[in-house]
Amino acid sequence: MSVLRMIYLALAIWGAIHPMYYFVSWFNENGYSLSAMVDAWHVNAASSGLVWDLTIAAVTLTVWIIAEVAARRNWLALVAIPATFCIGVSCGLPLYLFLRTRPAA
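Residues numbered from 1 in each chain as written. Predicted model: local features only at pLDDT ≥ 70, side-chain atom pairs only at ≥ 80, totals over all residues. Heavy atoms only, no water.

Trainee: Looking at this structure, I do not really get a nonpolar patch on the surface. What am I missing?
Mentor: There is a patch of nonpolar side chains on the surface, built from Met1, Val3, Leu4, Met6, Ile7, Leu11 and Trp14 and spanning about 730 Å² of accessible area. With relative accessibility at 41%, the residue isoleucine 7 sits in the partly exposed group. (Patch = residues over 30% accessible without salt bridge, like charges linked within 9 Å, V, L, I, M, F, W, Y side chains within 5 Å. Areas by Shrake-Rupley, 256 points an atom, 1.4 Å probe, with all protein chains shown as cover. Salt bridge = Lys/Arg side-chain N within 4 Å of Asp/Glu carboxyl O. Buried < 20%, exposed > 50% of the residue type's maximum accessible area, 1.4 Å probe, protein only.)

In structure tokens form, the structure reads like this:
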């Protein structure tokens, strides 16, 4: 495995674990209400701007993944889409890059 692929994998793992720590901490303190978490994301204009920035990035990444999968027939790369929306762009993007750069079989 190339150094670049190892970096992508490490970033995907970090992008899965680090944000989850904060999400789990928030849920433990505030209860397991997704609607309350969404309300917390929009507590002020700065956090709302960040939410929309990440949402647009996630949608853009999804469009790119679908276009690339259609062209390359790398079906495994589709797992980056649920990773993006269930965990975040910090996991989905490096995971997709890791899967995209794997050697052809």
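Alright, that's what it looks like, and here's the rest.
Trainee: Teacher, can you tell me more about the environment of isoleucine 56 here?
Mentor: Relative to the helices and strands, isoleucine 56 is located in helix H3 (residues 45-72). Using a relative accessible area of 54% as the deciding quantity, one classes isoleucine 56 as exposed. Taking the C-alpha atoms as reference points, isoleucine 56 and glycine 88, separated by 32 residues in sequence, lie 12 Å from one another. (Helix = DSSP H or I, 4+ residues; strand = E, 2+ residues; numbered from the N terminus.)

Trainee: How should I be thinking about the side chain of asparagine 74 in this particular structure?
Mentor: On the secondary structure map, asparagine 74 appears in the loop between H3 and helix H4 (80-86). Only 3.0 Å separates the side chain of asparagine 74 from the side chain of arginine 102, close enough to count as a polar contact. In this view, asparagine 74 contacts Val69, Leu99, Arg100 and Arg102; residues no more than four positions away in its chain are not counted. (Polar contact = N/O pair within 3.5 Å; in protein donor to acceptor, adjacent residues only side chain to side chain. Contact = heavy atoms within 4.5 Å.)

Trainee: Hey, could you run me through the UniProt feature "transmembrane region" (unreviewed entry) in the chain in this one?
Mentor: According to UniProt, the "transmembrane region" (unreviewed entry) feature falls on residues 7-27, 47-67 and 74-99. Within the segment residues 74-99, helix and strand shares are 69% and 0% respectively, and the terminal C-alpha atoms sit 8 Å apart. (UniProt positions renumbered as here; feature names shortened; annotations may be inferred.)

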